[in-house]
Amino acid sequence: MAKQDDIFKNVVSHAKEYGYIFPSSEIYDGLSAVYDYAQNGVELKKNIREYWWQSMVQMHENIVGLDAAILMHPTTWKASGHVDAFNDPLIDNKDSKKRYRADVLIEDYAEKLNQKAQKEIDKARERFGASFDEEQYKTTNPRVMEYLSKKKEILERMARSLETENLADVKALIEELEIACPESGSKNWTDVKQFNLMFGTKLGASAENAMDLYLRPETAQGIFVNFLNVQKTGRMKIPFGIAQTGKAFRNEIVARQFIFRMREFEQMEMQFFVKPGEEMKWYEYWKTTRLNWHLSLGLGKSNYRFHDHEKLAHYANAAADIEFNFPFGFKELEGIHSRTDFDLKAHEQHSGKKIQYFDNETNESYTPYVVETSVGLDRMFLAVFSNSLKEEVLEDGSERVVLSLPAALAPIKAAVLPLVKKDGLPELAKEILKKLRLDYNVMYEEKDTIGKRYRRMDAIGTPFCITVDHDSLNDNSVTLRYRDTMEQKRVNIDELAQIIDKEVNMKYLFEQL
């Protein structure tokens, strides 16, 4: 755990030092669980969003985009169930005065059991080598079976208790497991209580006439209330999807782990409307499709796993998370949910408007079922950033810090560096910069030695450095340095754009999907 904490601290400090993420309102001592994306962070965030958008909308002829308003009629949230059911089970420690989500405390305990089982499995794999059968070992080794069985039992009991709102049993489970306050070690807990997560606001010029509104806690409802508008104007035929990215707001009492859980965050969601009875086919399709999208970024297959929900939301008949191995363990990155026809029927009931799809082929009207894919953009940012941050020992014994971001997502694609600040080298470097800037986000840097500039670009995550030297004035060539391998080769200036494009163009990622 100490090593994980150190890694995570490095991620947070590196993000600030190299212009990725700043604490919001820092000059006023900040605002808890609110962050600002800095000059490099906003570019990385934009590129992740763009890769999602293009792969979801541009690469699917039956998916279109939407940008719904953050403020919506308050009945929207009554219909969706958020007013009555959008709650977290919270528990306070009487000694430390700290508040926690009860379900997270239990899930963290269960994950420790899973880690113990995995440790036994890893030992066995080393012992038996190529002949090791992991599935057989899981079902025959008593210690592993005990860990996994206890984990399953705990999560199932918690799910049942939360489903029936038996909060007393949730507290009893915490006490039986002897879960202690992470900060103080105290096991002196209050009762578990539900807390609604929506932020309230007002709409109106005067307080007495103002309408009570909510900041949206998710982006999905903007899609559902626009279902008929999009379907009719786009002449969409089932199955089809509507995609949206945008800010959502949740009054998280226990916001933690940097940008993993924030009060203001961004979602990338797609609601896919299907014929009733076909939802499970499409549910499995989108599970596979979305995992392949993540794998295309090259962050390592072993860093992903599926987690099927024991406790389903009130609208779902199936749900799974794609979990990622963050510096603090496996946590939810993306959710795939079969939402049934709950949302459209609920809005039909509360609005009094018919919200159905007329199928010309069968000559019938019906309420479509929905399969949702929802990924947190901030969590995606953290997954990419934390996985890419590495400390390397080089052959000469020196060390370097490198942010080996996927080249297509990197904020700056190339840095143009004159070897010295004289003799016409800056002028030629700026000519190269001007040409490349038409296609890519590139930067110019002339301060410090070339070695220090290389190290800075490694830490920022820039895939290429282009060094202009005295020979460049005569042979029209430059030295191109690759971030990950530190390989340097001489290339003609006229070939630079083509070489860089092969590494940074998103279309080469799309080809892997």
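Structural data are supplied above this passage.
Keep in mind that this is a model prediction, so the values were computed, not measured.

## Observations concerning the overall build of the protein
Here's step 1: Regarding its fold elements, the protein presents 18 helices and 23 strands.
Here's step 2: Its C-alpha atoms give the protein a radius of gyration of 26 Å, near enough to 24 Å, the size a compact globule of 513 residues would have.
Here's step 3: Structurally, the protein occupies a C-alpha span of about 75 × 60 × 60 Å along its principal axes.
Here's step 4: A burial count over the protein gives 51% of its 513 residues as buried.

## Focus on the sheet that holds strand 16 (residues 369–376)
Here's step 1: With respect to topology, 7 strands assemble into an open sheet ordered 3-9-10-16-13-12-11, the strand pairing being mixed. Either end of the sheet is taken by a strand with one partner, and the two such strands are strand 3 (63–65) and strand 11 (304–308). Across the sheet, the mean angle separating the axes of adjacent strands is 25° when strand polarity is ignored.
Here's step 2: Pairing geometry for strand 3 and strand 9 (residues 240–249), over 3 bridges, is parallel. Note that in strand 9 the partner of Val64 across the bridge is Ile242.
Here's step 3: The sheet strands contacting helix 2 (residues 39–58) are strand 3, strand 9, strand 10 (264–274) and strand 16, and the helix crosses strand 9 at an angle near 160°.
Here's step 4: Here helix 11 (residues 279–295) sits on the sheet and contacts strand 3, strand 10, strand 11, strand 12 (318–326), strand 13 (329–340) and strand 16; the angle it forms with strand 13, its principal contact strand, is near 150°.

## Structural notes on helix 14 (residues 425–436)
Here's step 1: Counted at 1.5 Å a residue, the expected span for helix 14 with its 12 residues is 16 Å, and the 17 Å between its end C-alpha atoms agrees.
Here's step 2: Within helix 14, the full set of buried residues consists of Leu425, Pro426, Leu428, Ala429, Ile432, Leu433 and Leu436. Axial view of helix 14: buried residues confined to an arc of 165°, hence all on one face. Residues of helix 14 that are exposed and angled more than 90 degrees away from the buried face: Lys434 and Lys435.
Here's step 3: Those residues of helix 14 hidden inside the fold are in contact with strand 19 (414–418), strand 20 (442–444), strand 21 (464–468), helix 16 (472–475), strand 22 (477–482) and helix 17 (496–504).

## Re the side chain of Lys331
Here's step 1: Looking at where Lys331 falls in the secondary structure, it is placed in strand 13.
Here's step 2: A distance of 2.8 Å separates polar atoms of two side chains, one belonging to Lys331 and the other to Asp108.
Here's step 3: The residues touching Lys331, leaving out its near neighbours within four places in the chain, are Asp108, Arg256, Phe260, Ile322, Glu323, Phe324 and Phe326.

## What about the pattern of salt bridges?
Here's step 1: According to the stated counting rule, one finds 37 salt bridges in the structure shown.
Here's step 2: For Lys138, the salt bridge is made with Glu134, and the minimal N-O distance between the two is 3.5 Å. Within this pair, Lys138 and its partner Glu134 are both found in helix 6 (residues 134–140), separated by 4 residues, close to a single helical turn.
Here's step 3: Among the residues examined, Glu134 registers a relative accessible area of 24% and is labelled partly exposed.
Here's step 4: The partner of Glu135 in a salt bridge is Lys138, with the nearest N and O atoms 3.9 Å apart.

## Structural notes on unusual backbone geometry
Here's step 1: Following Ile238, the chain continues to Pro239 via a peptide bond in cis, the omega torsion being 0°.
Here's step 2: Its place among the elements puts Pro239 in the loop between helix 10 (227–233) and strand 9.
Here's step 3: You will see that Asn476, though not glycine, has its phi angle at about 55°, which is positive.
Here's step 4: Positionally, Asn476 belongs in the loop between helix 16 and strand 22.
Here's step 5: Given a relative accessible area of 32%, Asn476 falls into the partly exposed group.
Here's step 6: One non-glycine residue with positive phi stands out, namely Met486, at about 60°.
Here's step 7: By relative accessible area, which is 26% here, Met486 ends up partly exposed.

## Points about the pairing of strand 10
Here's step 1: Most of strand 10 is tucked away: 10 of the 11 residues are buried.
Here's step 2: With 10 bridges connecting them, strand 9 and strand 10 associate as antiparallel partners. Along strand 10, the bridge assignment pairs Ala248 with Phe265.
Here's step 3: Of the pairings in the sheet, the one linking strand 10 to strand 16 comprises 8 bridges and is antiparallel in character. Each bridged residue has a counterpart across the sheet, and for Glu269 the counterpart in strand 16 is Ser374.

## So, the packing of helix 5 (residues 102–128) against helix 8 (residues 167–176)
Here's step 1: Put simply, helix 5 and helix 8 touch, their axes get as near as 10 Å, and they point 35° apart. Taken as a pair, helix 5 and helix 8 cross one another with a handedness that is left-handed. Across from Ala102, Leu105 and Ile106 in helix 5, the residues of helix 8 making contact are Val170, Leu173 and Ile174.
Here's step 2: Looking at the contact of helix 5 with helix 8 residue by residue, the class counts come to 6 nonpolar, no polar and no charged.

Conventions and cut-offs
- Residues numbered from 1 in each chain as written.
- Predicted model: local features only at pLDDT ≥ 70, side-chain atom pairs only at ≥ 80, totals over all residues.
- Heavy atoms only, no water.
- Helix = DSSP H or I, 4+ residues; strand = E, 2+ residues; numbered from the N terminus.
- Rg over C-alpha atoms; globule rule 2.2 N^0.38 Å.
- Buried < 20%, exposed > 50% of the residue type's maximum accessible area, 1.4 Å probe, protein only.
- Pairing = 2+ DSSP bridges.
- Axes fitted to C-alpha atoms, helices over the stretch in contact; angles between N-to-C directions.
- Contact = heavy atoms within 4.5 Å.
- Expected span 1.5 Å × (residues − 1).
- Arc of directions from axis to C-beta.
- Polar contact = N/O pair within 3.5 Å; in protein donor to acceptor, adjacent residues only side chain to side chain.
- Salt bridge = Lys/Arg side-chain N within 4 Å of Asp/Glu carboxyl O.
- Left-handed = near helix turned anticlockwise from the far one by under 90°.
- Nonpolar A, V, L, I, M, F, W, Y, C, P; charged D, E, K, R; others polar.

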